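One-letter residues, chain by chain:
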Amino acid sequence: MTQDYDGSTALDATLDAVSSEAKRRPAIDGLDSFSVMAIGLTKIFQRGERDEGLVAVQDVSFACSKGEVFGLLGPNGAGKTTTLRMLSTVLRPTIGTARVAGSDVRRAPQHVRASIGFLSGNTRLYPRLSVRETLEFFGRLHGFDGSELEGRVQHVIQALDMHDYADRRLEKLSTGMAQKANIGRTLLHDPPVLILDEPTSGLDVLGAAAMIDFVAEMRERGKTVIFSTHILSEAERLCDRIGILNNGRLHAVGSLDELRHRTGEDYLDQIFMSLVREAQG
Amino acid sequence: MPSQFLNPSLRVYCAKELRSLLRDRNIVVYGLLLPLFLYPLLLFSISELRQLTTGMRERMEPTIAMQGLPELETHLHELVPPPRTLPLTGGAGEALERGAADLVIVRAAGSERLVVSHDSTSGPSRIALERFGPVIEAWRRQAEREELVRQRKWVERSDVVFVDASVETNSTRELLATLLPLILIIMCTFGATWPAIELTAGERERSCAETTFLLPLSRHDVALGKTIAVTAAAFTSLCVHLFAMLVAAGPLLAQIRGGASALPSLAWTTLPIVLCYGVLLSIVFGAIFLLVGSYAKTFREAQAFVTPVQLVMMLPAMLTLLPSAELDATTAWIPVYNAGLAFRAALLGNIDLTATATSLASLSLCALLCFRTTVRRLSDTAFALGFADGDRLRERWS
């Protein structure tokens, strides 16, 4: 990456470098059967015209099939959140693309948003609406109306045991209750793909345990779940496959056994450290 | 644009934003409760102030200009405290307008009638009339009785005639036309401020912005929804102000003028014109405050950003107080200022169709520009997540 400004923007050089590397990557064929597939996802942030840009995520490719729980692990700043934000269309990839539930994140972001349930610490609910109003609002935007909407709202309230506070405003609920409402919001339209960005962060032990149970239940119901965490025990318990991200690059993808085999380590924390050290050279 | 307004998802989103806004205490206080209580409170304060100033009124020494009438002058000097008197030079109206006298007493040409002129728009002149009007009448009756005794026959003489010599007789309307535009514009800025901050920095501070950007809506719809919601909130607040003001205006003006003063009847065109400007002002203020608020990360930061802008927006409203300010071919092009002047012209019934049309066109253009800029900014990921990204490079790359 060039540091000098030589007539073209410094970012051009960054893009060239990233692009040439992306072109060397072998084509991924036959991925249409997957619920989620990321193809060379790259995100570059730039502050100002002369900024050469910060490559937050570079050439990340992976695929997840139906009913699979895919874990993205990595240290802070590795690019987990940026990758998930690209998959959920909050951010547009600078290079590369992804298909989520059959829709392209670049070409049909609205369809992607209608097919996913995204949950993270940054996706809190509107505090001045009650739980029921929130669910109705999301339901209407997903195209439900009348008795169908009412039925779905009631079902979610029952399933998550929220009767006692369904008509209370979210600003008056505890963190755990609000998190339940948030889960309800992600499930209301029964999306085939769930994207969870550090879903247990900020929760107490009981809340975190409930979240883990929720992910396990989603897998049983055939949902594709992609979730990022830096709590290795959660990943060890839940994930069918794991991707290790470091400095914006995906260094390894595989099941726990495959990663054990590759590193020669037994436990996930040892596997993770070994792969991170390997990535850092 | 019309098809976008029919979009059911956008309607659902706008309804949700408005519902959230109407549950915000700041917005309810500043946008709805303040207008309802402000004017009665103002009425009460002025009434109290009047009582407080009664003592000051009694200590005041009015000046009376007279033409001839030495007997009356002597009589007035016998009063405690006596008024200042001076000979009248020029016309009565001129003396009152210059402020040389608070009351002018002359004998009507070719008769014995006394004409007492005062200026109802001047406080000291009204006080002088209240204090000396009855004295002059009593003196006149006494003079008639003395004449009767002296001549032993009834001498027909005309009474004292009181004349309001203020240049503009409909001063209530003038006062209303001066105050109303200023108050309405200032209140419209308040009505837009809180909702705009709430839907930008407030949402970001509560970590709801990303949730909004994950809704199955286009970014443009989200931005449009926010702008419409803030405009609607600002316009609602303006309407509540108008209603409260119309209810309280009669008694309020009576208090200000120190006498019974009914609300002047307005032309039927006044309200539609005021509402039309109100909608456009709501769009301008709503869009500008949303734009400014979108650069702030926290509610406090947004308040700090918006306050100077708010003051700048109020400046044109304050300039409408200048006596020389009026809606003409030039001022009609200055946004906000033209709305204030048009309000005033509408209230005074001096509607110049060309200037009004020009001002509406200018304000509409400004509103459209602000609306588009704001919608573009709010559609940007940088607003949603609070940081700049490389989005604008996408087109070049692909």
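Residues numbered from 1 in each chain as written. Chains lettered and ligands numbered in written order. Predicted model: local features only at pLDDT ≥ 70, side-chain atom pairs only at ≥ 80, totals over all residues. Heavy atoms only, no water.

Some remarks on the pairing of strand β3 (residues 103–107) of chain B
Residues and elements named next belong to chain B.
Part 1 of the argument: Of all 5 residues making up β3, 4 are buried, and the element is well covered by its neighbours.
Part 2 of the argument: As paired strands, β3 and strand β4 (residues 114–118) are joined by 4 bridges and run antiparallel to one another. In the sheet register, R107 faces β4, and the bridge partner there is L114.
Part 3 of the argument: Counting the residues between successive antiparallel strands, the hairpin from β3 to β4 contains 6 residues, one of them, G110, with a positive phi of roughly 75°. (Buried < 20%, exposed > 50% of the residue type's maximum accessible area, 1.4 Å probe, protein only. Helix = DSSP H or I, 4+ residues; strand = E, 2+ residues; numbered from the N terminus. Pairing = 2+ DSSP bridges.)

Looking at the pairing of strand β4 (residues 95–100) of chain A
Residues and elements named next belong to chain A.
Part 1 of the argument: As defined by bridge partners, strand β1 (residues 36–45) adjoins β4 across 5 bridges and the pair is classed as antiparallel. Looking across to β4, one finds that A38 is bridged to A98.
Part 2 of the argument: Across 2 bridges, the pairing between β4 and strand β5 (residues 103–104) is antiparallel. Looking at the pairing, V100 lines up with S103 of β5.
Part 3 of the argument: Counting the residues between successive antiparallel strands, the hairpin from β4 to β5 contains 2 residues, one of them, A101, with a positive phi of roughly 50°.

A short note on the packing of helix α4 (residues 131–141) of chain A against helix α6 (residues 175–187) of chain A
All names here are of chain A.
Part 1 of the argument: Where α4 meets α6, the closest approach of the two axes is 9 Å, and the angle between their N-to-C directions is 20°. Here α4 lies roughly parallel to α6, going by the angle between them. Here the hand of the crossing between α4 and α6 comes out right-handed. When α4 is examined against α6, the residues V131, L135 and F138 are found in contact with a partner set consisting of A181, G184 and R185.
Part 2 of the argument: Classifying every residue of the contact of α4 with α6 by side-chain character gives 4 nonpolar, 1 polar and 1 charged. (Axes fitted to C-alpha atoms, helices over the stretch in contact; angles between N-to-C directions. Parallel < 35°, antiparallel > 145°, perpendicular 65-115°, else oblique. Left-handed = near helix turned anticlockwise from the far one by under 90°. Contact = heavy atoms within 4.5 Å. Nonpolar A, V, L, I, M, F, W, Y, C, P; charged D, E, K, R; others polar.)

What about a nonpolar patch on the surface?
Residues and elements named next belong to chain B.
Part 1 of the argument: Residues V29, Y30, L33, L34, L36, F37, F243 and V247 make up a contiguous nonpolar surface patch of about 730 Å² in total accessible area.
Part 2 of the argument: Counting residues per element, the ones that place at least two in the nonpolar patch are α3 (25–59) and α9 (219–257).
Part 3 of the argument: For V247, the position within the fold is in helix α9. (Patch = residues over 30% accessible without salt bridge, like charges linked within 9 Å, V, L, I, M, F, W, Y side chains within 5 Å. Areas by Shrake-Rupley, 256 points an atom, 1.4 Å probe, with all protein chains shown as cover. Salt bridge = Lys/Arg side-chain N within 4 Å of Asp/Glu carboxyl O.)

Considerations on the packing of α4(A) against helix α2 (residues 8–22) of chain B
Part 1 of the argument: For the pair α4(A) and α2(B), the least separation of the axes is 9 Å and the interaxial angle reads 160°. When the axes of α4(A) and α2(B) are compared, the pair comes out roughly antiparallel. The chirality of how α4(A) crosses α2(B) is left-handed. The segment α4(A) lies against α2(B), with E133(A), F137(A), R140(A) and L141(A) engaging S9(B), V12(B), Y13(B), K16(B) and R19(B).
Part 2 of the argument: The residue makeup of the contact of α4(A) with α2(B), split by class, is 4 nonpolar, 1 polar and 4 charged.

A short note on the sheet that holds strand β2 (residues 54–64) of chain A
Part 1 of the argument: On the basis of which strands lie adjacent, the open sheet formed by 4 strands has the order β2-β1-β4-β5 (chain A) and antiparallel pairing. Because the sheet does not close on itself, it has two edges, and the strands there are β2 and β5 of chain A.

Some thoughts on the packing of aromatic side chains
What describes a pair of aromatic rings is the distance from one ring centre to the other and the angle between the planes of the rings.
Part 1 of the argument: Going through the model one piece at a time under the given rule, you end up with 8 aromatic pairs over all chains.
Part 2 of the argument: An angle of 20° between the planes, with centres 5.8 Å apart, marks the rings of W194(B) and F299(B) as stacked. Remark: F299(B) occurs in helix α11 (residues 299–319) and W194(B) occurs in helix α7 (residues 171–205); sequence separation between them is 105 residues. Assigned by exposure class, W194(B) and F299(B) land together as buried.
Part 3 of the argument: Three or more aromatic residues joined by ring pairs form one cluster here, namely Y126(A), F137(A), F138(A) and Y13(B).
Part 4 of the argument: One cation-aromatic arrangement involves R185(A) over F138(A); the distance from NZ or CZ to the ring centre is 5.6 Å. (Phe/Tyr/Trp six-rings, centres within 6.5 Å; stacked < 30°, edge-to-face > 60°. Lys NZ or Arg CZ within 6 Å of the ring centre and 35° of its normal.)

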